[in-house]
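Architecture and fold: a report
Take a look at the letters that make up each chain.
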Amino acid sequence: MSQSFQQLAIDVGNSRIKFVLLETDLQVKENKQLPHVLNTCSTLIEKPLPWKQIQSWFDGPSAMKCQTVVAGSNPRGIEGVVGNWPDGTLPTPVEILNTDDFPLEICVEEPRKVGIDRLLNAVAANRLQNTGQAAIIIDSGTATTVDVVNPDGSFAGGTILPGFELSAKALYHYTALLPLIPVDELRQVEPVVLGKNTTDAIRSGLFWGQLGAVRELVSQLTKQSLADSSQVDPLVLLTGGGSDLLAPHLEGSVQFEPLLTLQGLAIVAQKMNGAG
């Protein structure tokens, strides 16, 4: 017999805040599925929080039974969410801080300095990996990370590079004449490769440069993974706010999981609550 468990997970990043309502069917045996996404919304970090939309996801009494958790890479943003939480509607979010409590071995030089979003991705990846299979996780956000989870489920480390938006802002702020290119423009029309004007040249560099960097990192990390394991191709996962831009151009068996971080947060919260 299974039991349904609902969670509102909140990821506070440097640019956006994401809210996701998830549901897990808690089985007698260990659940190998990611929590199921019921509803989702997001807002820019400087915008008002979408309370009415979130409250519309619940039918009154069910709201107070929902586990509410928050984490992310923006401590001040998290303080703002928790400090402005409305009374009497949903439980005040519990902030997930201590990565020592994660169901994850962290095999790097300074485990406590690893970004929590990277570790939450790894926790979620462990639900999806086959036995003896490594995972490579591409997370395209303000920064883009490409991380490795070992076949035994431990976090092995990875790489960090500027994401689409950070690269665009760097070109604008640290040059005298180059314009700021909004990332949303990259979603409207696929950039040409050969730019015939400054704007198209920047679009090309932002898009094709990011894609090329990610492809090469996945290639190099795959070679290392295959050299260090039993020659099982790694599971490659793609997530993050910019993942929809990359997804159509990443050939091969790349699995698109746009809410992986929040699903990892839900899994960690379940473990801490004794529900998973």
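Scoring rules and cut-offs
- Residues numbered from 1 in each chain as written.
- Predicted model: local features only at pLDDT ≥ 70, side-chain atom pairs only at ≥ 80, totals over all residues.
- Heavy atoms only, no water.
- Helix = DSSP H or I, 4+ residues; strand = E, 2+ residues; numbered from the N terminus.
- Rg over C-alpha atoms; globule rule 2.2 N^0.38 Å.
- Contact = heavy atoms within 4.5 Å.
- Areas by Shrake-Rupley, 256 points an atom, 1.4 Å probe, with all protein chains shown as cover.
- Lys, Arg positive; Asp, Glu negative; His and termini not counted.
- Charge placed at Lys NZ, Arg CZ, Asp CG, Glu CD.
- Pairing = 2+ DSSP bridges.
- Expected span 1.5 Å × (residues − 1).
- Buried < 20%, exposed > 50% of the residue type's maximum accessible area, 1.4 Å probe, protein only.
- Phe/Tyr/Trp six-rings, centres within 6.5 Å; stacked < 30°, edge-to-face > 60°.
- Axes fitted to C-alpha atoms, helices over the stretch in contact; angles between N-to-C directions.
- Parallel < 35°, antiparallel > 145°, perpendicular 65-115°, else oblique.
- Nonpolar A, V, L, I, M, F, W, Y, C, P; charged D, E, K, R; others polar.
- Salt bridge = Lys/Arg side-chain N within 4 Å of Asp/Glu carboxyl O.
- Polar contact = N/O pair within 3.5 Å; in protein donor to acceptor, adjacent residues only side chain to side chain.

Points about the overall build of the protein chain
Counting its regular elements, the protein chain contains eight helices and 10 strands. Scaling as 2.2 N^0.38, a compact globule of 276 residues should have a C-alpha radius of gyration of about 19 Å, and the protein chain matches this with 19 Å. Along the three orthogonal principal directions, the C-alpha set of the protein chain runs to about 60 × 50 × 30 Å. At a minimum sequence separation of 6, the contacts of the protein chain that also span at least 24 residues come to 58%. Split by element, the accessible area of the protein chain, about 14,100 Å² in all, is 52% carbon and sulfur. Each charge sign in the protein chain was given a centre, from 19 positive and 29 negative side chains, and these centres are 3 Å apart.

Section: the pairing of strand β8 (residues 155–162)
Relative to β8, strand β7 (residues 143–149) is paired through seven bridges, and the arrangement is antiparallel. Each residue of the ladder has a partner; that of Val149, found in β8, is Phe155. In this antiparallel pair of consecutive strands, β7 and β8, the connection spans five residues, and Gly153 shows a positive phi of 95°.

Describing helix α8 (residues 260–273)
With 14 residues, α8 extends 20 Å from end C-alpha to end C-alpha; this agrees with the ideal 20 Å at 1.5 Å per step. Most of α8 is tucked away, with 11 of its 14 residues classed as buried. Buried residues of α8: Leu260, Thr261, Leu262, Gln263, Gly264, Leu265, Ala266, Ile267, Val268, Ala269 and Gln270, and no others.

Description of the packing of aromatic side chains
This model, assessed by the stated rule, comprises three aromatic pairs. When the centroid spacing of 4.8 Å and the interplanar angle of 85° are considered together, the rings of Trp51 and Trp85 count as edge-to-face. Here the residue Trp51 occupies a position in helix α1 (residues 51–55), and Trp85 occupies one in the loop between α2 (75–83) and β5 (94–95), the gap between them amounting to 34 residues. Residue classification places Trp85 among the buried positions, given a relative accessible area of 7%. Taking the centre distance of 6.4 Å and the plane angle of 15° together, the rings of Phe164 and Phe207 count as stacked.

Here's the deal with the packing of helix α3 (residues 116–128) against α8
The geometry of α3 relative to α8 is characterised by a closest axis approach of 7 Å and an angle of 80° between their N-to-C directions. In terms of orientation, α3 lies roughly perpendicular with respect to α8. Touching Asp117, Leu120, Asn121, Val123, Ala124, Arg127 and Leu128 of α3 are Leu260, Thr261, Gly264, Leu265, Ile267, Val268 and Gln270, all from α8. Its residues placed into classes, the contact of α3 with α8 shows eight nonpolar, four polar and two charged.

Regarding the environment of Ile10
Looking at the secondary structure, you find Ile10 in strand β1 (residues 3–12). With 56 residues separating them in the primary sequence, Ile10 and Cys66 have C-alpha atoms 13 Å apart. If we ignore the near neighbours within four places in the chain, the residues touching Ile10 are Ile17, Lys18, Phe19, Thr68, Val69, Val70, Ala71, Val81, Trp85, Pro93, Leu262 and Leu265.

Topic: the pattern of salt bridges
Under the defined criterion, the tally for this structure stands at eight salt bridges. The residue Asp147 makes a salt bridge to Arg118 at a minimum N-O spacing of 2.6 Å. Of the two residues, Asp147 is situated in strand β7 and Arg118 in helix α3; the sequence distance between them amounts to 29 residues. Of the two residues examined, Asp147 and Arg118, each falls in the buried class. Counted as one network, the salt bridges with shared partners bring together Asp184, Arg187 and Asp244.

A short note on the sheet that holds strand β9 (residues 235–239)
Pairing is mixed in the open sheet, where five strands are placed in the order β8-β7-β6-β9-β10. The open sheet terminates on both sides in strands that have one partner only, identified here as β8 and β10 (254–256). On average, adjacent strands in this sheet sit at an angle of 20° to one another, irrespective of strand direction.

Description of the pairing of β9
Burial within β9 is extensive, with five of its five residues counted as buried. The two faces of β9 match: Leu235, Leu237 and Thr239 on one face and Val236 and Leu238 on the other face are all buried. Pairing of strand β6 (residues 135–140) with β9, which is carried by five bridges, proceeds in the parallel orientation. Along β9, the bridge assignment pairs Ile138 with Leu238. For β9 and β10, the ladder comprises three bridges, and the chain directions are parallel. In the sheet register, Leu238 faces β10, and the bridge partner there is Phe256.

Quick word on the side chain of Asp147
Classification of Asp147 as buried rests on a relative accessible area of 2%. For Asp147, the side chain forms a polar contact with the side chain of Arg118, separated by 2.6 Å.

Keep in mind that these numbers describe shape and distance, not what the molecule does.
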